Structures are given as structure tokens and as C-alpha cells.
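What follows is each chain in one-letter form.
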Amino acid sequence: MAERPHLVVVGAGPAGLAGALAAVAREVRVTLVDAAAQAGGQIHRRPAVAPAARRRPAPRPRAGTWERLRDALDRHRATGHIAHLTDHHVWCVERSPASGEFAVHALRGPAQEEGVTVRADAVLLATGGYERVLSFPGWTLPGVVTAGGAQAMLKGQLVPPGRTVVVAGTGPLLLPVAAGLAEAGVRVAALVESAGPRALLRRAPALAGQPGKLAEGAGYAARLLRHGVRPLLRHTVVEAHGADRLEAVTVAAPGRDGRLVPGTTRRIPCDALAVGHGLLPHTDLAEALGCTLSGTGVRVDTEQRTDVPGVWAAGEATGIGGADLALAEGHVAGRSIAARLHGTAPDPHAWAAAARARTRLRAFAAALDAVYAPPVDWADRLPDDTTVCRCEEVSAGQVREAAGDLGAGDARTVKLLTRAGMGWCQGRMCGPAVAGLTGCPFTPGRRPFARPVPLGVLAALPESQPD
């Protein structure tokens, strides 16, 4: 019997799982590589095994979908057709120009000191997204976390970020985060959303195409009302206050010109702030392979293929759109990969339902992007002494000086002049803020490695990959 072709899927969230299951069902051997200890991604994150956990798990949306994915994954793992490598942090994917074979390099374990290489005939990048962070005075205080970070703490460790929490920023993620905290017994002092109802009304026709998602949002809002939490719309966080840790936040309503409207400023006592301004695609691995981007996401065709032969991408890596869109894209990618690896042309009719869902969900995601854009002129309100790059302790004033007095016209030049983005996160956190301060569009920086790699791991790699 001929050996099954081998696919490596990077990322075990909805897109990666859907792609892996679609491919393995069509005679493809799959290795699923993921940095987490369990499959499911952020949306299906489950509590770590902890015998003394005192808090009940937060209610999980789409529990039935997750159970079907989990059961299918377990069945294929039992047969040996899927290998699931947990705690494997992929730092680079190489493609041999001669053979087309891929080498997926990862660091194994929590310490990330042991190198592992998996070879494959094709790669599906389902690397997800990360949170957009916008600076404001006091954002580096202990007690200030991202909205997704607060959700991960609650889902994964059953631990809230504080006892009295303000949830703020913009985007559909704020509702489930606030609802989850409230139902875990946390006092949600305020839900501060910079978008207003008019923005929603302007996009009503596109949003109405997904009544299920609107109903899900309404459900979160109803749960918040039961806990006495009413959203504070068209407001934004102006400053976080505290000496050694967070004690309060100041919020206000910006006008159309970006200036704060007099009389709208209020100070809210709290010991934690969960703040988020949407997500950005993880594209490090795709860029290192030479894949072209479209905007901030990986550009793909109708089969989810990138412009690098043998590389597919699905889910948030191609553009932020949520779990349902990720499932549809992953399914299309998995079917396409299976056909291509078996040397046949895929039949688009085989995934017609997923393609139709993908079209509708992409339109819905585009409408949400327009509704939940970051506040206008937020960077203009940023005082010069506000830290922008916390890794290298670069202030907003230093970035403005580089862009103004020193003539830096892009984020890369600002980086060279100020070191903003040269720290541990390599600009993932400060990149949007630096772009906003310089007036440049935010573009992901191309990096040879997706994460820091020990020199010993690099030294242990062969000098040349066999063709």
C-alpha cells in the first residue's frame, strides 16, 4: 500500500482542526502542531487540570461544535492518522526549492529549549491572531491586561484578573469577556465601548445577513443586563491610575474631531482593566516563507492556497473573522490539500456549502471591522511621556521626534532611531501604536523567525537540508 502523503497543520484552533479532519478523511496523514497544551484555540480553551479549582468554568459558546471536533480528533489520533504535537512552538517553516519538501521547526515544551523538526509534503498555516494594543497613560500598570488575556485567564485557569473589572476598548470580543467575568462572580464596573449605535445602523444590511451572530451578541448583552452592567457607548479609556498597581480608570467621550467632549469625563474605581481594540492576523511564518499579504492577512485564493506552492492558510491568519469563518476556511483548505497531494484537481462543488458560508461570513467580518474601528485621532491625545514600547521603554515623544524632527517616514526607520519594536515582542504590541503616532499604515514586519530561538537549537540544525 502506498504511503499516505503528509500534511503539517500549524495551529489547533477551529481552522486547523477543520483542515486536519477534512484532509485525514481523504487519505492524508496529518501532524497537528500547536503551542497550547490542548486543542481548541482560544474560543474552545478549557480549564487546566487543577484539583483545587474553586470557580466554575465560564459558559462556552458552540460547545456542540467543539465536542464534534474533539471526538473526531480523538478517533483519528487513535488510528495513528493524526499526530497531535502539543506544547510545540513553531519558529520557522522552510521549503526546499528542489524537492518542494517542507521542514517545520519547533521548540518543544514550556522552556522552549529543545528543537524539533517535522518534514511534510504540504503545510496549512492556521496560526490565528493576536490582540491589537493601543497605548494610553497608565497602560503598563499591573492590573491592566488585554481583553483576550482576561478571557484566557478565566477559561484556562478559572482565575479572573481582579475583583472589580472595567472592560473597555472596541470590538465584538468585549461582550463575551464582560459576560464571562460577570457570571464568574466578578463585579464588572463598566463596559466601555468606543463604537456607537449609529455605526451599527450604517452597516445594518450587511450585519443582518448573519442573524445567528446577532442573536449571540444579544444573548451576551442580556446576560450583562441581568448582572446590572449597562454598556457605556461612544466612550474610550483616557488614563489608568495607580501607584504600584491599578486603582481606577478615567473614561470620556471623544467628539468627531477626536477631542474629548467636555462634561463626559468620569473616573471609575477598579483593580483590573481588560482592554482590547480588535485582533490582527499572525503572519510571521507565512511572511518568512515568502507568502504575499493582502492588507494585514495572508492572501489566498478560492482554495485557501497562498502564492507559495504547497502552502495553504486558513482562519484568522487570512483576516480576522471569527470561529465560524475559520471552520469554513479550514474545511475548504483540507479538501483542497487532499486533492492536490493525491495529484488530482479539486472539485469546488465538494465544498460549495463551506464556500457559501465563507462568502457570507467574510462580508459580515468586513462590516464589523468598519463598525469597530479604533477611536479617531487616539494617537493625537497621547501625552509625550506615555510609554509606547514597553520592552525598550520608548515614549510617544521619542517616536514623534523620530517622525518629525529626524524625518523618519516609516515604522522601520522609527525602529532604527528609537529601538521601538526591538524588544522581546518584536513590535507585536507596540507596532500599531508606533504606526498611529507616525501616521503610517500598520504593516506587519517580516521576520526570519516567528519567536526567539536558543543559539544551541540553531547550531544543531544541519548545514543544508537534504533535497
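By convention here, each chain's residues receive numbers from 1 onward along its written sequence. Totals for whole chains, interfaces and linings use all residues, but because this is a predicted model, local features are given only for residues with pLDDT of at least 70 and pairs of side-chain atoms are given and counted only at 80 or more. Note: side-chain values were computed over all heavy atoms of the structure, leaving out hydrogens and water.

J.: I'd like a rundown of the packing of aromatic side chains, residues and numbers included.
T.: Between rings of Phe, Tyr and Trp, where Trp is taken as its six-membered ring, a pair exists when centres lie within 6.5 Å; planes separated by under 30 degrees are stacked, by over 60 edge-to-face, and by other angles tilted. Scanning the entire structure with this criterion turns up 1 aromatic pair. Ring centres 5.0 Å apart and planes at 90° place the aromatic pair Trp-91 and Phe-449 in the edge-to-face group. Of this pair, Trp-91 sits in strand β4 (residues 88-95) while Phe-449 sits in the loop between α13 (431-438) and α14 (455-460), placing them 358 residues apart in sequence. Residue burial is assigned from relative accessible area. The probe radius is 1.4 Å, only protein chains are included, and a residue is buried under 20% of its type maximum, exposed over 50%, and partly exposed in between. Relative accessible area serves as the criterion here: at 2%, Trp-91 is assigned to the buried category. A cation over an aromatic ring shows up here: Arg-390 above the ring of Trp-139, its NZ or CZ 5.0 Å from the ring centre. Secondary structure counts use DSSP, requiring at least four H or I residues in a row for a helix and at least two E residues in a row for a strand, with both numbered from the N terminus. For a Lys NZ or an Arg CZ to count as sitting over a ring, it must be within 6 Å of the ring centre and within 35 degrees of the ring normal.

J.: Give a detailed account of a positive patch on the surface, specifying residues and quantitative values.
T.: Together, Arg-198, Arg-202, Arg-203, Arg-234 and Arg-256 give the surface a local cluster of positive charge. On the secondary structure map, Arg-198 appears in helix α5 (residues 197-202). In this analysis, a patch consists of residues with relative accessible area above 30% that form no salt bridge, clustered at 9 Å for like charges and at 5 Å for the nonpolar side chains Val, Leu, Ile, Met, Phe, Trp and Tyr. Residue burial considers only the protein chains on display, and all accessible areas are found by Shrake-Rupley using a 1.4 Å probe. Within this document, salt bridges are pairs made up of a side-chain nitrogen of Lys or Arg and a carboxyl oxygen of Asp or Glu, the two lying within 4 Å of each other. None of His or the chain ends enter the tally, which takes Lys and Arg as positive and Asp and Glu as negative. Every charge is mapped onto a representative atom, which is NZ of Lys, CZ of Arg, CG of Asp or CD of Glu.

J.: A description of the environment of Gly-436 should follow, citing residues and the corresponding values.
T.: Assignment of secondary structure puts Gly-436 in helix α13. Judged by relative accessible area, which is 33%, Gly-436 ranks as partly exposed.

J.: Could you give an account of the sheet that holds strand β2 (residues 29-33), with specific residues and numbers?
T.: Any two strands with at least two DSSP bridges between them are considered paired. Pairing in this open sheet of 5 strands is parallel, and the strands run β3-β2-β1-β7-β20 from one edge to the other. Because the sheet does not close on itself, it has two edges, and the strands there are β3 (82-85) and β20 (311-313). This sheet shows a mean twist of 20° between the axes of neighbouring strands, independent of strand direction. Relative to β3, β2 is paired through 4 bridges, and the arrangement is parallel. Within β3, the residue paired with Leu-32 across the bridge is His-84. We call two residues in contact when some of their heavy atoms are within 4.5 Å. Structural elements are reduced to axes, namely lines fitted to C-alpha atoms, with helices fitted over the stretch in contact, and the angle between N-to-C directions of any two is expressed from 0 to 180 degrees. Seen against the sheet, helix α1 (residues 14-24) touches β1 (6-10), β2, β3 and β7 (122-125) and runs at an angle of roughly 165° to β2.

J.: Any details on the packing of α1 against helix α9 (residues 323-341)? Residues and values, ideally.
T.: The relative placement of two packed helices is expressed as an angle between their axes plus a distance between the axes. Interhelical geometry of α1 versus α9 gives an angle of 30° and a closest axis separation of 7 Å. As far as their axial angle goes, α9 and α1 are roughly parallel. In this structure, α1 meets α9 at a crossing whose hand is right-handed. Along the contact surface, α1 presents Pro-14, Ala-15, Ala-18, Gly-19, Ala-22 and Ala-23, while α9 presents Ala-323, Ala-326, Leu-327, Gly-330, His-331, Gly-334, Arg-335 and Ala-338. An angle counts as roughly parallel when it lies under 35 degrees, as roughly antiparallel when it exceeds 145, as roughly perpendicular when it falls between 65 and 115, and as oblique in every other case. Note: crossing handedness is left-handed where the near helix turns anticlockwise from the far helix by less than a right angle, and right-handed where it turns clockwise.

J.: How would you explain the pairing of strand β14 (residues 248-252) if you had to name every residue and give the values?
T.: Burial of β14 is extensive: 5 of the 5 residues sit out of reach of the surface. Neither face of β14 is exposed, since Ala-248, Thr-250 and Ala-252 on one face and Val-249 and Val-251 on the opposite face are all buried. Taken together, the 5 bridges between strand β13 (residues 236-241) and β14 define a ladder with antiparallel strand orientation. Counted as the bridge partner of Thr-236 is Ala-252 from β14. Counted between consecutive antiparallel strands, the loop separating β13 from β14 contains 6 residues, among which Gly-242 sits at a positive phi close to 160°. Across 4 bridges, the pairing between β14 and strand β15 (residues 266-269) is antiparallel. Its bridge partner lying in β15, Val-249 is registered against Ile-268.

J.: A description of the nonpolar core should follow, citing residues and the corresponding values.
T.: The definition of a nonpolar core used throughout is a set of buried Ala, Val, Leu, Ile, Met, Phe, Trp, Tyr and Cys residues joined through side-chain atoms within 4.5 Å. Leu-7, Val-9, Leu-17, Val-30, Leu-32, Ile-82 and Leu-124 are the most contacted members of the largest nonpolar core, which totals 29 residues. Mapped by element, the contributors of at least two residues to this core are β1, α1, β2, α2 (63-79), β7 and α9. It is α1 that provides the largest number of residues to this core, a total of 7 residues. For Leu-17, the contacting residues outside a window of four places in its chain are Ala-12, Leu-32, Ala-39, Gly-40, Trp-66, Leu-69 and Leu-73.

J.: Lay out unusual backbone geometry in plain terms, naming residues and giving numbers.
T.: A positive phi angle is found at Glu-27, which is not glycine, with a value near 65°. By the secondary structure assignment, Glu-27 is in the loop between α1 and β2.

Honestly, it's all geometry; don't read function into it.
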